[in-house]
Amino acid sequence: MADNTRRDFIKQSALGTAAMLVYPPSRVLAASDRVRLGMIGAGGRGQELLKQVLEVPNAQLVAIADVYRRRCDEAKQMAPDIQTFDDHRRLLDMKDIDGVIVASPLHIHARHFQDALLAGKHLYSEKTMTWSIAEAEQCLAAAKKSDRVVQIGLQHESSGSLADTRKWIKDGLAGKITQVDSWMSRNTPHGKGQWVRQVPSDCTPQSVNWKAFLSGRPDRPFDAFKFMNWRLYWEFSGGNVTENMVHQIAWIMSALELPEPSAACMSGGVFSEKDGRQVPDTIAVTLEFPTDVVVTWQSTFSNSRYGLGEHLLGTDGTIEHRAGATDMVTGRSAETIRYYPERVNRAQGEELTGQTPNQDHMANWIDCIRTRKTPNAPVEIGYRSAVAAHMANLAYRQKQRLTLQEARAAQPEF
Ligand SMILES: NC(=O)c1ccc[n+]([C@@H]2O[C@H](COP(=O)([O-])OP(=O)(O)OC[C@H]3O[C@@H](n4cnc5c(N)ncnc54)[C@H](O)[C@@H]3O)[C@@H](O)[C@H]2O)c1
């Protein structure tokens, strides 16, 4: 079978499978009912999310599944009554769990996403929604087929800055926006690469279910460094594009109601610390949209001066979102969302500062499990932002501009 035909076949079979699957009914919750939750992957992010769940009234974390014993012990210290498993399927077998939070490494998201829905659970899945475009299509189909509440861990979709931006755009204050510049920058001490984690002495084959971590990736002997530092390798990660750009591109796509990009380019390389990582630390992405918009995103791990932000450039005004830039006088970091009129087209326009508070993204999901309303970051924005991120990475790896059609047909490599 020709490569393309084979890929189309695999894609269609996966979609066909999602369409044929039967999703079990879920418990209907009254407003006063306690929402019972489980978590798959309780590492760095999972433990932050665990703290968030503990803050939500009338919600309870009852179980976690993690392949590393240390993470199970840490989670139990935070929530002593929980059950722990080293296999996510045991957790999904629990009939009295309403929803599941997935905070596992990127290459396993699609499996955990689909297994959770098949088990009839509501789902909070960390970003990026999936490791590849084909998986994003499968997960989108699965979510549409089920009636479960799916929230993607794109918490900036619950931000006041997005609410203010949407209102200003809707009110026509920005006019026609044709370009968005965005950036994200960090730094680390010399010789210490961004993201690199030390391997704890208890990270051994005896305390890690390595096969479950690999989850279908080619089998090999236990590698503690890769297990701890999966973010640095294409096989498990999409690098900073799937770690951070995805948050900003989702925010921009929601603000401007953008579809998937029509084409992507990406330049860069491993320039900051040549520590054996595969994913680039210095990046310039250009995304073209069919609605006459170009979005650029730049990122470095060698300088943190300008933090992160977005400039939305319109004929009638500019919307400026900044977070993490260091204030020259106080040295403090502040998040601001501001509007500046373009005098040529809005001579009398006023400068504005957004005041809308952020919503709690986790509480929004749990609330929607009760009300069955659409959460702030539904599967569609998870899908579109994942496609944009993967298009950029594919363009970088193929060293050429890639259209949406070409990216969909491409087979991502390890
Ligand atoms: N929304 C955000 O702001 C935000 C911030 C940080 C990380 N994240 C996302 O959260 C996810 C996890 O990142 P992290 O930094 O917590 O990684 P991590 O390595 O610290 O945690 C991942 C956990 O998953 C466990 N795990 C691995 N394979 C598993 C399997 N098959 N079944 C169950 N558990 C398994 C690991 O043992 C580990 O404890 C990533 O997708 C990342 O992009 C999101």
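Scroll up to find the structure.
Residues numbered from 1 in each chain as written. Predicted model: local features only at pLDDT ≥ 70, side-chain atom pairs only at ≥ 80, totals over all residues. Heavy atoms only, no water.

**A look at the layout of surface pockets**
Logical step 1: By volume, the largest pocket amounts to about 950 Å³.
Logical step 2: If you trace the largest pocket, you find 44 residues lining it, with G43, A103, S104, P105 and W230 closest to the centre.
Logical step 3: Looking at the lining of the largest pocket, the elements that each hand over two or more residues are α2 (44-55), α4 (88-93), α5 (109-118), α8 (210-214), α9 (224-228) and α10 (239-256).
Logical step 4: It is α2 that provides the largest number of residues to the lining of the largest pocket, a total of four residues.
Logical step 5: Across the lining of the largest pocket, the residue classes break down as 15 nonpolar, 14 polar and 15 charged. (1 Å grid on protein atoms, 1.4 Å probe; cavity = no way out; pocket = protein on both sides within 12 Å on 5 of 7 lines; lining within 4 Å. Points joined across faces, edges and corners; volume = space filled by probe spheres on them. Helix = DSSP H or I, 4+ residues; strand = E, 2+ residues; numbered from the N terminus. Nonpolar A, V, L, I, M, F, W, Y, C, P; charged D, E, K, R; others polar.)

**Regarding the site of the ligand**
Logical step 1: Neighbouring the ligand are 29 residues, the closest being R45, D66, Q155, R197 and R231.
Logical step 2: In this structure, an oxygen atom belonging to the ligand sits 2.9 Å away from a side-chain N or O atom of H109.
Logical step 3: The fraction of the free accessible surface of the ligand (840 Å²) that becomes covered by protein chains is 92%.
Logical step 4: In this structure, the ligand is accommodated by the largest pocket.
Logical step 5: Each residue belonging to the shell around the ligand can be placed in one class, and the counts come to 12 nonpolar, nine polar and eight charged. (Near = heavy atom within 4 Å. Polar contact = N/O pair within 3.5 Å; in protein donor to acceptor, adjacent residues only side chain to side chain. Areas by Shrake-Rupley, 256 points an atom, 1.4 Å probe, with all protein chains shown as cover. Sits in = over half its atoms within 2 Å of the grid points.)

**Digging into the sheet that holds strand β12 (residues 317-323)**
Logical step 1: Here nine strands make up an open sheet; going across it, the order is β14-β13-β12-β11-β7-β10-β9-β8-β15 and the pairing mixed. Each end of this open sheet is capped by a strand with a single partner; those strands are β14 (352-353) and β15 (402-403).
Logical step 2: Sheet topology places strand β13 (residues 336-341) next to β14; two bridges connect them, and they run antiparallel. Across the sheet, residue R338 finds its bridge partner in β14, namely T353.
Logical step 3: In the packing of helix α7 (residues 160-170) onto the sheet, contacts are made with β7 (177-185), β11 (308-314), β12, β13 and β14, and the angle to β13 comes to roughly 15 degrees.
Logical step 4: Relative to strand β8 (residues 263-269), helix α12 (residues 379-398) is tilted by about 60 degrees, and along the sheet it contacts β8, β9 (282-289) and β15. (Pairing = 2+ DSSP bridges. Contact = heavy atoms within 4.5 Å. Axes fitted to C-alpha atoms, helices over the stretch in contact; angles between N-to-C directions.)

**What to know about the pairing of β13**
Logical step 1: Here β13 shows a clear split, with I337, Y339 and P341 buried on one side and none of T336, R338 and Y340 buried on the other.
Logical step 2: In this structure, β12 lies alongside β13, joined through six bridges in antiparallel fashion. What sits directly across from H321, in β13, is I337. (Buried < 20%, exposed > 50% of the residue type's maximum accessible area, 1.4 Å probe, protein only.)

**Considering the sheet that holds strand β1 (residues 35-40)**
Logical step 1: Spatially, six strands are ordered β3-β2-β1-β4-β5-β6 in an open sheet, and the strand pairing comes out parallel. Every other strand in the sheet has two partners, leaving β3 (83-85) and β6 (150-153) as the edge strands with one partner each. Going across the sheet, the axis of each strand differs from the next one's by a mean of 20 degrees, ignoring polarity.

**A few points about the side chain of E260**
Logical step 1: In this fold, E260 is placed in the loop between α10 and β8.
Logical step 2: Here the side chain of E260 touches R408 through a polar contact of 3.0 Å, side chain to side chain.
Logical step 3: Contacts of E260, omitting those with residues within four sequence positions, involve M253, F289, P290, Y383, R384, V387, L404 and R408.

**Section: α2**
Logical step 1: For α2, with 12 residues, the first-to-last C-alpha span of 18 Å sits near the 16 Å given by 1.5 Å per residue.
Logical step 2: Regarding α2, the residues found buried are G46, Q47, L49, L50 and V53. Buried residues along α2 cover an arc of 160 degrees about the axis, so they all sit on one side. Exposed residues pointing more than 90 degrees away from the buried face of α2 are listed as K51 and E55.
Logical step 3: If you follow the buried residues of α2, they end up packed against β1, β2 (59-65), α3 (69-78), β4 (99-102), β5 (122-126) and α11 (361-371). (Expected span 1.5 Å × (residues − 1). Arc of directions from axis to C-beta.)

**Describing the packing of aromatic side chains**
Logical step 1: Scanning all chains against the criterion turns up 10 aromatic pairs.
Logical step 2: On the numbers, 5.7 Å between centres and 65 degrees between planes, the contact of W131 with F414 is edge-to-face. In this pair, W131 is assigned in the loop between β5 and α6 (133-145) and F414 in the segment after α13 (404-409), connecting sequence segments 283 residues apart.
Logical step 3: W131 sits in the buried class, given a relative accessible area of 9%. (Phe/Tyr/Trp six-rings, centres within 6.5 Å; stacked < 30°, edge-to-face > 60°.)

**Considering the pairing of β1**
Logical step 1: Of all six residues in β1, five are buried, a share of seventy percent or more.
Logical step 2: The pairing of β1 with β2 spans six bridges and is parallel. If you follow G38 over to β2, its bridge partner there is A63.
Logical step 3: Note on the crossover from β1 through α2 to β2: the handedness is right-handed. (Right-handed = clockwise from strand over helix to strand, strands pointing away.)

**Quick notes on unusual backbone geometry**
Logical step 1: Look at the link from K127 to T128: it is a cis peptide, with omega at -20 degrees.
Logical step 2: Topologically, T128 is positioned in the loop between β5 and α6.
Logical step 3: Backbone geometry places W195, a non-glycine residue, at a positive phi of 80 degrees.
Logical step 4: Tracing the sequence through the fold places W195 in the loop between β7 and α8.

**Concerning the pattern of salt bridges**
Logical step 1: Enumeration according to the criterion identifies 22 salt bridges in this entry.
Logical step 2: The salt bridge involving D171 is made with K167; its shortest N-O contact spans 2.5 Å.
Logical step 3: Overall, D171 belongs to the partly exposed group, its relative accessible area being 43%.
Logical step 4: Among the ionic pairs, E260 bridges to R408, the shortest N-O distance being 3.0 Å. Taken as a pair, E260 in the loop between α10 and β8 and R408 in helix α13 lie far apart in primary sequence, 148 residues in all.
Logical step 5: The exposure class assigned to E260 is buried, which follows from its relative accessible area of 19%.
Logical step 6: Connected via shared salt-bridge partners are R70, R71, E74 and D202. (Salt bridge = Lys/Arg side-chain N within 4 Å of Asp/Glu carboxyl O.)

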